[in-house]
Protein chains: 2
Amino acid sequence: MADEVRTGVPRRGPTISDVASRAGVDRAVVSRILNDDPRLRIKPSTRERVLAVVAELGYQPNAAARSLRTARTRTIALLVPDFENPAYGQIIKGAETAATKADSALLTASMELGEESFEHYAKQLGNGRVDGLLLAGGGITGTREEHLDRLGPPWLCVNRTGPGKRRYVVLDDERATELAVSHLLELGHTRVAFLSGPADSDTAERRRLGYIAAMEAANLDPGFVAHGDYTADGGAAGMQQILAAKRRHTAVLVANVASAVGALYAARQAGVHVPDDMSVISIHDLSIAAFLDPPLTTVRMSLSGLGARAVDLLLTRPRNEEIREVLEQPIDLIIRESTAPPRR
Amino acid sequence: MADEVRTGVPRRGPTISDVASRAGVDRAVVSRILNDDPRLRIKPSTRERVLAVVAELGYQPNAAARSLRTARTRTIALLVPDFENPAYGQIIKGAETAATKADSALLTASMELGEESFEHYAKQLGNGRVDGLLLAGGGITGTREEHLDRLGPPWLCVNRTGPGKRRYVVLDDERATELAVSHLLELGHTRVAFLSGPADSDTAERRRLGYIAAMEAANLDPGFVAHGDYTADGGAAGMQQILAAKRRHTAVLVANVASAVGALYAARQAGVHVPDDMSVISIHDLSIAAFLDPPLTTVRMSLSGLGARAVDLLLTRPRNEEIREVLEQPIDLIIRESTAPPRR
DNA sequence: TTGTAAGCGTTATCAT
DNA sequence: ATGATAACGCTTACAA
């Protein structure tokens, strides 16, 4: 088991009893003052006295005792697949802000989904550690849903429509891809390829659907679809496929910025000039996009808004209620220098 | 205060009493079995019976009750300035792995250091919520140290030598910059500029020192020093300063990858070709570096190793012991295409 | 306007 | 080889 390490006595701070006796009142009074009990009628003078003692001692209610008593922890957990992807950074930020507003802490952990790692999360997140669970990114298969349910706390998928598809919030990926495609079409492109995410990712799938819908709406044949894995490496490989495809394309819609970084790299390596030979546009706008070569045209959706909304839903909706929400929010085209009319 | 939201009754799982009665033993027995109490002599048959019930009910010990009793939470917190910076992502990963090994959870939060936000952390991290606190990144000034101490849990600075400088782990930034400079010098450069981080960051300062030491050791005058802020924006601005400086430089050492992204961008904008007109090398190696234009030569240090070491130190060292550790680990030069001999 | 007391689920120290 | 019991610090219904 754990190497029991003694790192000195875990110091405990002053307790509510310390405050009470020092202020000459009962613990109950202190508790109710600190929790703004609306039913409490109390002499202003004693209230002040108590508050003074609280400040003097630097009293902090013990979180463990409190949540043992109330069965609420005021913390929620957010599991992300990859801390190195700045896109998750944005989701985290939004979630954190929302959690803070709701007076809760946000516990973030990365998940590499293996069956055994579920064991681990059970231990870390089970009974009495968190009030709820947010799962960003994929891999929530059927059996895992059961595991999750058995864990106890209510959970919600973020930007994934889990398989049971009962509780999730997603961005409007279809609308985003349609916006991207229409930008390309307005520039005059007709042969547009799509560089997707992992085949089992449903954000990737929704983006692919949006792409196809937009192409067909314009009476155009959808182009080549390459599958990346949402990393720069995968993006580079996907771009190579697209460049090697029989049909020559004049534009590529890339499913996320990390892939786009790789795609631009692969184009450079192949001597294909962006945007003169090939336009590139990406879903999501990260700060790095502006500094790429060339600066990347993107479709901006608020990932932080997504994180925030997820927290709100988790905290306010009853634990078994269905939640199937496609976030309505502004989706903006950020035109930089990676898109241009096709050269004829 | 918080909008009291009722999201249904917080469900509690089975308790240790449920297990005990069902298995026909006392709670104490269950507890000691589950905690591998070495002093426990017990009939294998009853142990198995208990374990079976545990599995059957899916019993999970209640974390709140446990830490109320033991005064240990088995979670530590890591505060980072910016989740969008992949460098912190690496630190987080390392920390998480180490925490998991020590059977603890890692709670990550971002900090924007204002005086009031300390209030917030006091509430979230105070008494009984975490066993310790890791502070990555800067801004821990004197008065804040006191705040932190009053918070209760032991804390440790990661990659920052806080001002009291009593407890920290840092990477060997001086050695890293020396390695970078010597690479440049071996290529034949003599006029090397330094694109630093924020003036008040001590990693930036240590890197600057390493740079100056390495230049002087080679009997060369240190070149222009520009201050960025560890973002691409700041890096671009810094590079502009360097390009505008009176003295012409043939190489720039950049203090981190985010700045380097901006620096490469600014060079492109100015029509300065990297590496023909100007070599660029950066401290830290992030996965994006390989895909920049040109692929960026870097000095690799293990950020995840840093995170892991920080966790270990926090967990094993007595709470008031001084910790001043410069991490000894391999530091490697990753040569890509942004450095070359100066053109004459 | 304030106090009393029960109980949240666990672990540790005794007994037996 | 197992059981009884107190204690951890807090909140809340009820009593005074």
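Residues numbered from 1 in each chain as written. Chains lettered and ligands numbered in written order. Predicted model: local features only at pLDDT ≥ 70, side-chain atom pairs only at ≥ 80, totals over all residues. Heavy atoms only, no water.

Another aspect to go through is the overall build of chain A. Helix and strand counts for chain A come out as 12 helices and 12 strands. Computed over the C-alpha atoms, the radius of gyration of chain A is 26 Å, more than 25% above the 20 Å expected from 2.2 N^0.38 for a compact globule of 344 residues. For chain A, the C-alpha atoms occupy an extent of roughly 85 × 45 × 40 Å along the three principal directions. Relative to its full complement of 344 residues, chain A shows a buried share of 54%. Sequence separation of 24 or more characterises 73% of the internal contacts of chain A that already satisfy a separation of 6 or more. For chain A, the accessible surface area stands at approximately 14900 Å², while carbon and sulfur atoms represent 50% of it. Charge separation in chain A, taken as the distance between the mean sites of 42 positive and 43 negative side-chain charges, equals 7 Å. (Helix = DSSP H or I, 4+ residues; strand = E, 2+ residues; numbered from the N terminus. Rg over C-alpha atoms; globule rule 2.2 N^0.38 Å. Buried < 20%, exposed > 50% of the residue type's maximum accessible area, 1.4 Å probe, protein only. Contact = heavy atoms within 4.5 Å. Areas by Shrake-Rupley, 256 points an atom, 1.4 Å probe, with all protein chains shown as cover. Lys, Arg positive; Asp, Glu negative; His and termini not counted. Charge placed at Lys NZ, Arg CZ, Asp CG, Glu CD.)

Now for the relation of the copies chain A and chain B. Of the transformation placing chain A onto chain B, the axial shift is 0.0 Å and the rotation is 180 degrees, giving an RMSD of 0.1 Å. The superposition of one copy onto the other is thereby described by a two-fold rotation axis. A share of 100% of interface residues in chain A that are also interface residues in chain B marks the association as one of identical surfaces. (Least-squares fit on C-alpha atoms with pLDDT ≥ 70 in both.)

To continue, consider the environment of Ser338 of chain A. Residues and elements named next belong to chain A. Within the secondary structure layout, Ser338 lies in the segment after strand E12 (332-334). Between the C-alpha atoms of Ser338 and Pro294, which are 44 residues apart in sequence, the distance is 5.6 Å. Dropping the residues within four chain positions of it, Ser338 is found in contact with Val274, Pro275, Met278, Ser279, Val280, Pro294, Pro295, Leu296 and Thr297. A distance of 2.5 Å separates a polar atom in the side chain of Ser338 from the backbone oxygen of Val280. (Polar contact = N/O pair within 3.5 Å; in protein donor to acceptor, adjacent residues only side chain to side chain.)

Quick look at the packing of aromatic side chains now. Under the counting rule described, the total for this entry stands at four aromatic pairs over all chains. Here the aromatic rings of Phe291 of chain A and Tyr265 of chain B are separated by 5.2 Å at their centres, their planes lie at 80 degrees, and the arrangement is edge-to-face. Taken as a pair, Phe291 of chain A in the loop between strand E9 (279-283) and strand E10 (297-300) and Tyr265 of chain B in helix H11 (residues 257-269) lie in two separate chains rather than in one. Accessibility expressed as a relative area gives 10% for Phe291 of chain A, which makes it buried. (Phe/Tyr/Trp six-rings, centres within 6.5 Å; stacked < 30°, edge-to-face > 60°.)

The next thing to look at is helix H9 (residues 202-217) of chain A. Residues and elements named next belong to chain A. Over its 16 residues, H9 extends 22 Å from the first C-alpha to the last, a length consistent with the 22 Å expected when each residue adds 1.5 Å. Every buried residue belonging to H9 is among Asp202, Thr203, Ala204, Arg206, Arg207, Gly210, Tyr211, Ala214 and Met215, and all of these are buried. The secondary structure elements touched by the buried residues of H9 are strand E5 (167-170), helix H8 (173-187), strand E6 (192-196), strand E7 (225-227), strand E8 (251-254) and E9. (Expected span 1.5 Å × (residues − 1).)

Turning our eyes to something else, we now look at the pattern of salt bridges. Opposite charge on two side chains allows them to pair when their charged atoms are near. All names here are of chain A. Using the criterion set out here, one finds 36 salt bridges over all chains in the structure. The salt bridge partner of Asp173 is Arg206, with a shortest N-O separation of 2.6 Å. Linking Asp173 in helix H8 with Arg206 in helix H9, this pair joins segments that are 33 residues apart in sequence. An identical accessibility class is assigned to Asp173 and Arg206; each is buried. A salt bridge links Glu325 to Arg309; its shortest N-O distance comes to 2.6 Å. Placement of Glu325 in strand E11 (residues 323-326) and of Arg309 in helix H12 (residues 303-316) is noted, with a sequence separation of 16 residues between them. Of the residues examined, Arg309 reaches a relative accessible area of 28% and is grouped as partly exposed. Residues joined in a network through salt bridges with shared partners are Asp173, Asp202, Arg206 and Arg207. (Salt bridge = Lys/Arg side-chain N within 4 Å of Asp/Glu carboxyl O.)

Locating Thr177 of chain A in the fold gives a position in helix H8. Once you skip the residues sitting within four places of it in the chain, Thr177 of chain A turns out to touch Arg206, Arg207, Gly210, Tyr211, Leu253 and Ile283 of chain A.

Gaps left between atoms are located by rolling a probe of water-molecule size over the structure's atoms. Per the counting criterion, the structure on display carries three cavities of 30 Å³ or more. Lining the largest cavity are Val261, Leu264, Arg268, Phe291, Leu292 and Asp293 of chain A together with Val261, Leu264, Arg268, Phe291, Leu292 and Asp293 of chain B. Broken down by secondary-structure element, the contributors of at least two residues to the lining of the largest cavity are helix H11 (257-269) of chain A together with H11 of chain B. Residues that form the lining of the largest cavity fall into these classes: eight nonpolar, no polar and four charged. (1 Å grid on protein atoms, 1.4 Å probe; cavity = no way out; pocket = protein on both sides within 12 Å on 5 of 7 lines; lining within 4 Å. Points joined across faces, edges and corners; volume = space filled by probe spheres on them. Nonpolar A, V, L, I, M, F, W, Y, C, P; charged D, E, K, R; others polar.)

Another point: the protein's contact with DNA strand D. Looking at DNA strand D, there are 30 residues lining it, with Ile16, Arg27, Tyr59 and Arg69 of chain A together with Arg41 of chain B nearest. For DNA strand D, the backbone portion of the atoms within 4 Å of the protein, that is sugar and phosphate, comes to 60%. With respect to DNA strand D, the side chain of Arg27 of chain A contributes an N or O atom lying 2.4 Å from a base nitrogen. Residue Tyr59 of chain A places a side-chain N or O atom 2.5 Å away from a phosphate oxygen belonging to DNA strand D. At the level of secondary structure, the elements contributing two or more residues to the surface near DNA strand D comprise helix H2 (27-34) and helix H4 (63-70) of chain A together with helix H2 (27-34) and helix H4 (63-70) of chain B. A per-class count over the surface near DNA strand D returns 11 nonpolar, seven polar and 12 charged. (Near = heavy atom within 4 Å.)

In the vicinity of DNA strand C, 28 residues are found, and the nearest of them are Asp26 and Ile42 of chain A together with Ile16, Tyr59 and Arg69 of chain B. Among all atoms of DNA strand C positioned within 4 Å of the protein, those belonging to sugar or phosphate total 58%. Between a phosphate oxygen of DNA strand C and a side-chain N or O atom of Thr46 of chain A, the distance comes to 3.0 Å. Of all the secondary structure elements, the ones that give two or more residues to the surface near DNA strand C are H2 and H4 of chain A together with H2 and H4 of chain B.

Quoted interface sizes are often the accessible area lost when the parts come together. Facing 77 residues of chain A, the contacting portion of chain B comprises 77 residues. For the chain A and chain B pair, buried surface summed over both sides reaches about 6500 Å², with 50% attributable to carbon and sulfur atoms. For chain A, the biggest contributors to the area lost against chain B are Glu84, Asn127 and Phe291 of chain A; these three give 12% of the whole. Taken together, the connections running from chain A to chain B amount to six salt bridges. Residue Lys93 of chain B pairs with Asp82 of chain A through a salt bridge whose shortest N-O separation is 3.2 Å. Run the count over chain A and chain B and you get 15 residue pairs in polar contact (both at pLDDT 80 or more). Put simply, the parts of the chain that give the side of chain A that touches chain B at least two residues each are H4, helix H5 (86-101), strand E2 (105-110), helix H6 (115-125), helix H10 (232-244), H11 and H12 of chain A. Class assignment of the residues belonging to the side of chain A that touches chain B gives a composition of 33 nonpolar, 23 polar and 21 charged. (Buried area = accessible area lost by both parts, 1.4 Å probe.)

The next thing to look at is the sheet that holds strand E1 (residues 75-80) of chain B. In any sheet, the strands associate via hydrogen bonds between backbone groups, in a parallel or an antiparallel arrangement. Residue and element names in this part refer to chain B. The sheet built from six strands is open, its strands ordered E2-E1-E3-E4-E5-E11 with parallel pairing. If you trace the sheet from one side to the other, it starts and ends with strand E2 (105-110) and strand E11 (323-326), each paired once. When the angles between neighbouring strand axes are averaged without regard to direction, this sheet yields 20 degrees. One ladder, built from six bridges, connects E1 with E2; its direction is parallel. Each bridged residue has a counterpart across the sheet, and for Ala77 the counterpart in E2 is Leu107. (Pairing = 2+ DSSP bridges. Axes fitted to C-alpha atoms, helices over the stretch in contact; angles between N-to-C directions.)

Here we come to the UniProt feature "domain: HTH lacI-type" (unreviewed entry) in chain A. Under the UniProt annotation, "domain: HTH lacI-type" (unreviewed entry) lies at residues 14-70 of chain A. Note that residues 14-70 of chain A is 67% helix and 0% strand, and that its end C-alpha atoms are spaced 20 Å apart. (UniProt positions renumbered as here; feature names shortened; annotations may be inferred.)

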